[in-house]
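Here is what each chain is made of, one letter per residue.
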Amino acid sequence: MFTIKILYLIHQFYPETYTGTENFLLNLSRQVKTDGHDVKVITHSFQPDSYFEHTYENILYKEFLYKDIPIIAYKHLNDPGPQTLYQSLEDSELTRFADMIFQKEQPDIVHVAHPIRMGEFINVSIKRGIPYFITLTDYFMMCPKGILMTSAGSPCSGAKQGDACRTLCPEINNEFVKYRYNQSKNILLSAKKVIAPSFFLARMFQKEFPEIDINVIHYGINKENFIQKKAFYTKNQKLTFCYAGSHYYHKGLHVLIKAFLNSKVKKAKLKIYGSGNDESYNHQIRESASKNGNIEFCGVYDELDIGKIFGEVDVLIVPSIWHENCPFVVYEALACGLPVIASDVGGITEIIDHGRNGFIFPRSHSEKLTKILSKIIKEPELLNGIKENINKEKVRTVTEEAHEYLVFYHSVYE
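Residues numbered from 1 in each chain as written. Predicted model: local features only at pLDDT ≥ 70, side-chain atom pairs only at ≥ 80, totals over all residues. Heavy atoms only, no water.

## Here we look at the nonpolar core
The biggest cluster of nonpolar side chains holds 140 residues, and the ones touching the most others in it are Phe241, Phe310, Ile341 and Tyr409. For this core, the leading source of residues is helix 11 (residues 328-335), giving 7 residues. (Core = buried A, V, L, I, M, F, W, Y, C linked by side-chain atoms within 4.5 Å. Buried < 20%, exposed > 50% of the residue type's maximum accessible area, 1.4 Å probe, protein only. Helix = DSSP H or I, 4+ residues; strand = E, 2+ residues; numbered from the N terminus.)

Here it is as structure tokens:
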């Protein structure tokens, strides 16, 4: 076996805020490093200027280790504005910095774990002829918002080469959308491989970009972080439900809180983990939750906390209203033997089978969610059969996931 040097690109890297994409990258890079390869992560950071140690022209950067994974975090010296930071696939202020990093690191392969703020590194990869792989974890390569939600707050069925955006998201300049769409197409076509973690996400992109062949590699779990919760439920047993994820409208936390305000559910406990920086939405959900004293906001959590968190609750709830790819947290819950209640969106239904390893309810339908919650609260012993089914399932490991990626990496040399 020969050593491959891989640069992983990700839009942000704050393990303490714990997003599924960051955890996917952490697990994969650790495993690939364990397998004897040379890895490094390049990421954007919103840390204060004082956090950084070096300056290259108008870019601040810092190199450090996170659990033996080398990281290069960068930030603009002058704020380039929201379009560059959140929507664009190019950034002329970053070009020379990206070229300097590639010249210094001399990677064999680049793997894009998320393209937000990483577009210029991809462009430099293309110019330098460095083969790169893209893992699609949301809709950023077809939608400037990344989440494929209209301005009215409803799920979008597709960009239609930018034509749908003109009507459904008129606040975004359509010339920019069209230009960006063609950039995306070129980036996807130039990739060595394009990978999606769910068949749903793959189908959405193939509908939008039929010329692109998309491979599916499902997420793997680092089993060391998870302990099976051994519990046997009896009638009248008090239950604790859990939400773990970011606090944004498209994640549907308001749908979950509304369900818990119903008198049939009010006596059950709900622990809410995670955070979000939309102050208006934060105020909305906290004000609603204040009407039920059994709802507790528990703050952000580290990747190593998840096993302990899931060991203290009985059911995970994923109330998303957008086209979810396949939330990493669902895999983690099942790895802990934790039943999942989730909305019928995106790739979730590829993981959760209603009545077997969890329960499914219609998107945005808090009344249907209330009905499921009420039934479980009245008959907690229903969870015993669900847990038994979960425990019979094989947990896919990050070792298996990394092996599939390594096959792709080695294909560069065939």
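So much for the structure itself; the text now carries on.
## What to know about the pairing of strand 10 (residues 240-244)
Buried residues dominate strand 10, accounting for 5 of its 5 residues. Side chains Thr240, Cys242 and Ala244 project from strand 10 onto one buried face, and the interleaved Phe241 and Tyr243 project onto a second face that is buried too. One ladder, built from 5 bridges, connects strand 10 with strand 11 (residues 269-273); its direction is parallel. Bridging from a neighbouring strand, Cys242 pairs with Lys271 of strand 11. A crossover links strand 10 with its parallel partner strand 11, the connecting element being helix 8 (residues 253-260), and its sense is right-handed. With 2 bridges joining them, strand 10 and strand 13 (residues 315-318) adopt parallel strand pairing. The partner of Cys242 across the bridge, within strand 13, is Leu316. (Pairing = 2+ DSSP bridges. Right-handed = clockwise from strand over helix to strand, strands pointing away.)

## A closer look at the pattern of salt bridges
Charged atoms that come close allow side chains of opposite charge to pair. Counted under the stated rule, the structure contains 21 salt bridges. A salt bridge links Arg96 to Glu57; the shortest N-O distance between them is 2.6 Å. Linking Arg96 in helix 3 (residues 95-105) with Glu57 in the loop between strand 3 (54-56) and strand 4 (59-66), this pair joins segments that are 39 residues apart in sequence. The class of Glu57 is partly exposed, set by a relative accessible area of 45%. Between Glu63 and Lys104 there is a salt bridge, with the nearest N and O atoms lying 2.4 Å from each other. On the criterion of sequence distance, the pair formed by Glu63 in strand 4 and Lys104 in helix 3 is long-range, its members being 41 residues apart. (Salt bridge = Lys/Arg side-chain N within 4 Å of Asp/Glu carboxyl O.)

## Quick notes on the packing of aromatic side chains
For the structure shown, the criterion picks out 23 aromatic pairs. Ring geometry for Tyr61 against Phe97: centres 5.3 Å apart, planes inclined by 55°, an arrangement best described as tilted. Highlighted residues: Tyr61 in strand 4 and Phe97 in helix 3, separated in sequence by 36 residues. In this structure Tyr61 comes out as buried when scored by relative accessible area, which is 12%. A centroid spacing of 5.9 Å and a plane angle of 45° characterise the contact between Tyr74 and Phe97, whose relative ring orientation is tilted. With Tyr74 in strand 5 (residues 69-76) and Phe97 in helix 3, this pair connects stretches of sequence that are 23 residues apart. Both residues of the pair, Tyr74 and Phe97, count as buried. (Phe/Tyr/Trp six-rings, centres within 6.5 Å; stacked < 30°, edge-to-face > 60°.)

## Some thoughts on the sheet that holds strand 4
The sheet built from 9 strands is open, its strands ordered 3-4-5-2-1-6-7-8-9 with mixed pairing. A strand with exactly one partner marks an edge of an open sheet, and here the two such strands are strand 3 and strand 9 (214-216). Between one strand axis and the next, the sheet turns by 25° as a mean value, whatever way the strands run. The pairing of strand 3 with strand 4 spans 3 bridges and is antiparallel. Within the sheet, the bridge partner assigned to Thr55 lies in strand 4 and is Leu60. Those strands touched by helix 6 (residues 174-190) are strand 7 (132-135) and strand 8 (193-196), and its axis lies near 115° from that of strand 7. (Axes fitted to C-alpha atoms, helices over the stretch in contact; angles between N-to-C directions. Contact = heavy atoms within 4.5 Å.)

## Here we look at a positive patch on the surface
A cluster of like positive charges, contributed by Lys264, Lys368, Lys371 and Lys378, occupies part of the molecular surface. Here Lys368 shows up in helix 12 (residues 366-378). (Patch = residues over 30% accessible without salt bridge, like charges linked within 9 Å, V, L, I, M, F, W, Y side chains within 5 Å. Areas by Shrake-Rupley, 256 points an atom, 1.4 Å probe, with all protein chains shown as cover. Lys, Arg positive; Asp, Glu negative; His and termini not counted. Charge placed at Lys NZ, Arg CZ, Asp CG, Glu CD.)

## Considerations on helix 9 (residues 279-289)
Burial in helix 9 covers these residues: Tyr281, Asn282, Ile285 and Ala289. Buried residues in helix 9, looked at end-on, bunch into an arc of 100°, giving them a common side. Facing away from the buried side of helix 9 by more than 90 degrees, the exposed set consists of Glu279, Ser280 and His283. Next to the buried residues of helix 9 lie helix 8 and strand 12 (295-299). (Arc of directions from axis to C-beta.)

## Focus on the environment of Gly252
Within the fold, Gly252 resides in the loop between strand 10 and helix 8. The spacing of Gly252 and Trp322 is 70 residues in sequence and 8.2 Å in space, taken between C-alpha atoms. Apart from the residues within four sequence positions on either side, Gly252 is in contact with Tyr281, Pro319, Ser320 and Ile321.

## Focus on the pairing of strand 7
Residue alternation in strand 7 divides its side chains into two sets, Tyr132 and Ile134 and Phe133 and Thr135, and both sets are buried. Two strands pair when backbone bridges link them, and strand 6 (residues 109-112) and strand 7 are joined in this way by 3 bridges, in the parallel orientation. Residue pairing across strands places His111 opposite Phe133, the latter belonging to strand 7. You can see the chain leave strand 6, run along helix 4 (residues 119-128) and come back into strand 7, and the turn it takes is right-handed. In terms of strand pairing, strand 7 meets strand 8 through 3 bridges, oriented parallel. Bridge assignment links Phe133 to a residue of strand 8, and that residue is Lys193.

## Quick notes on the confidence of the model for the chain
The pLDDT averaged across the chain works out to 92; a share of 98% of its residues lies at or above 70. At the level of individual helices and strands, the chain shows its lowest average pLDDT in helix 10 (residues 306-311), which scores 87, and its highest in strand 15 (residues 358-361), which scores 98. (pLDDT = per-residue confidence, 0-100.)

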